[in-house]
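Secondary and tertiary structure notes
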2 protein chains.
Amino acid sequence: MAMDWLKFLRGEPKNTASVAKERLKVVVAHQREGRANGPVYLPMLREELLNVVRKYVQVPDNAVQINVQREDGLEVLEMNITLPETG
Amino acid sequence: MAMDWLKFLRGEPKNTASVAKERLKVVVAHQREGRANGPVYLPMLREELLNVVRKYVQVPDNAVQINVQREDGLEVLEMNITLPETG
């Protein structure tokens, strides 16, 4: 299972600009068969997770990409951050 | 990109016990080519993210699976939670 993640992350298309960059990806995925909406707390939970990331990772807005995808029974929030060079 | 997530999540093996369950997955992945360790704040960031999830999702310990995987330049924390039935 974890190896699937590794393959998945490694398998991302590399563009020349980002090859050497340091990146952080945070994903919150909710799944429930046959039900469109997640728990009522899901939006707040996601908001708070993003705030925690924001607290630790201080980057300009354009270094953060947030994407939410919905499909029946599955809702995926994905946050991709390009980290600043730290040497 | 988001569709990859959907495929990835959908593609998980389904065992009969979990088909109808509601599930939450939180992933924190850090990638940096040619460097083993993430930022110094990474362990704290992850700890705090897990605490946020714990605050919202009150489940018994055996409903939570946490897995950390390391491979050169890539470190993936994965938290899988089986949510209680909420009707």
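Residues numbered from 1 in each chain as written. Chains lettered and ligands numbered in written order. Predicted model: local features only at pLDDT ≥ 70, side-chain atom pairs only at ≥ 80, totals over all residues. Heavy atoms only, no water.

**Focus: the side chain of B:His30**
In this structure, B:His30 sits in strand 1 (residues 22-32). Here B:His30 falls in the buried class, since its relative accessible area comes to 3%. (Helix = DSSP H or I, 4+ residues; strand = E, 2+ residues; numbered from the N terminus. Buried < 20%, exposed > 50% of the residue type's maximum accessible area, 1.4 Å probe, protein only.)

**Some points on the nonpolar core**
Formed by 38 residues in total, the largest nonpolar core has its most connected members in A:Leu45, A:Val57, B:Leu45 and B:Val57. Residue assignment for this core shows that the elements contributing at least two residues are strand 1 (22-32), helix 2 (42-56) and strand 3 (74-83) of chain A together with strand 1, helix 2 (42-56) and strand 3 (74-83) of chain B. Look past the residues within four positions of A:Leu45 in its chain and what remains in contact with it is B:Leu24, B:Val52, B:Val53, B:Tyr56 and B:Val57. Counting 8 residues, the second-largest nonpolar core is a separate cluster that includes A:Val27, A:Ala29, B:Ala29 and B:Val76. (Core = buried A, V, L, I, M, F, W, Y, C linked by side-chain atoms within 4.5 Å. Contact = heavy atoms within 4.5 Å.)

**Considerations on helix 2 of chain B**
The first and last C-alpha atoms of helix 2 of chain B sit 22 Å apart over 15 residues, in line with the 21 Å expected at 1.5 Å per residue. Among the residues of helix 2 of chain B, B:Leu42, B:Leu45, B:Arg46, B:Leu49, B:Leu50, B:Val52, B:Val53 and B:Tyr56 are the ones counted as buried. Angularly, the buried residues of helix 2 of chain B cover 155° about the axis, an arc narrow enough to put them on a single face. Where helix 2 of chain B is buried, its residues contact strand 1 and helix 2 of chain A together with strand 1, strand 2 (64-71) and strand 3 of chain B. (Expected span 1.5 Å × (residues − 1). Arc of directions from axis to C-beta.)

**Observations concerning the packing of helix 2 of chain A against helix 2 of chain B**
Running from amino to carboxyl end, helix 2 of chain A crosses helix 2 of chain B at an angle of 165°, the nearest separation of the two axes being 10 Å. Taken together, the axes of helix 2 of chain A and helix 2 of chain B lie roughly antiparallel to each other. The two elements helix 2 of chain A and helix 2 of chain B meet at a crossing, and its hand is right-handed. Between helix 2 of chain A and helix 2 of chain B, the residues in contact are A:Met44, A:Leu45, A:Glu48, A:Leu49, A:Val52, A:Val53, A:Lys55 and A:Tyr56 and B:Met44, B:Leu45, B:Glu48, B:Leu49, B:Val52, B:Val53, B:Lys55 and B:Tyr56, respectively. Of the residues that constitute the contact of helix 2 of chain A with helix 2 of chain B, the class distribution is 12 nonpolar, no polar and 4 charged. (Axes fitted to C-alpha atoms, helices over the stretch in contact; angles between N-to-C directions. Parallel < 35°, antiparallel > 145°, perpendicular 65-115°, else oblique. Left-handed = near helix turned anticlockwise from the far one by under 90°. Nonpolar A, V, L, I, M, F, W, Y, C, P; charged D, E, K, R; others polar.)

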